[in-house]
Amino acid sequence: MASKNTEQDPNYPRLTAGENARVAWNVARMAKRCLAGENADRSDLERNVDRIIDGARKRAENGK
């Protein structure tokens, strides 16, 4: 039986509960758009997730 990798990626910052909720909301919206078809544009949602993660990275760097 394979062991489960529970270590967090060092390049991925820790997210607050609010950031986790916002990322989950955007990912759910991306999935909904994927169901609409291949022509559905989800780049705006991907940018939102990137902004949330970048903000968490900056917060982590300032906290060190």
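Above this text sits the structure in question.
Conventions we followed
Residues numbered from 1 in each chain as written. Predicted model: local features only at pLDDT ≥ 70, side-chain atom pairs only at ≥ 80, totals over all residues. Heavy atoms only, no water. Helix = DSSP H or I, 4+ residues; strand = E, 2+ residues; numbered from the N terminus. Buried < 20%, exposed > 50% of the residue type's maximum accessible area, 1.4 Å probe, protein only. Expected span 1.5 Å × (residues − 1). Contact = heavy atoms within 4.5 Å. Core = buried A, V, L, I, M, F, W, Y, C linked by side-chain atoms within 4.5 Å.

Participant: So, the environment of Ala40: which residues are in play, and what are the values?
Facilitator: By the secondary structure assignment, Ala40 is in the loop between helix H1 (17-36) and helix H2 (43-63). By relative accessible area, Ala40 is classed as partly exposed at 25%. In this structure the C-alpha to C-alpha distance between Ala40 and Met30, which are 10 residues apart in sequence, comes to 9.3 Å.

Participant: How would you sum up H2? Please name residues and give values.
Facilitator: One full turn of an α-helix is made of 3.6 residues, so residues set three or four places apart face in the same direction. Under the 1.5 Å per step criterion, the end-to-end length of H2 is 30 Å for 21 residues, consistent within 8% with the ideal 30 Å. In this fold, the buried residues of H2 make contact with H1.

Participant: Tell me about the nonpolar core, residues and numbers included.
Facilitator: Counting 8 residues, the largest nonpolar core consists of Leu15, Val23, Met30, Leu45, Val49, Ile52, Ile53 and Ala56. Within the residue set of this core, elements represented by two or more residues are H1 and H2. It is H2 that provides the largest number of residues to this core, a total of 5 residues.

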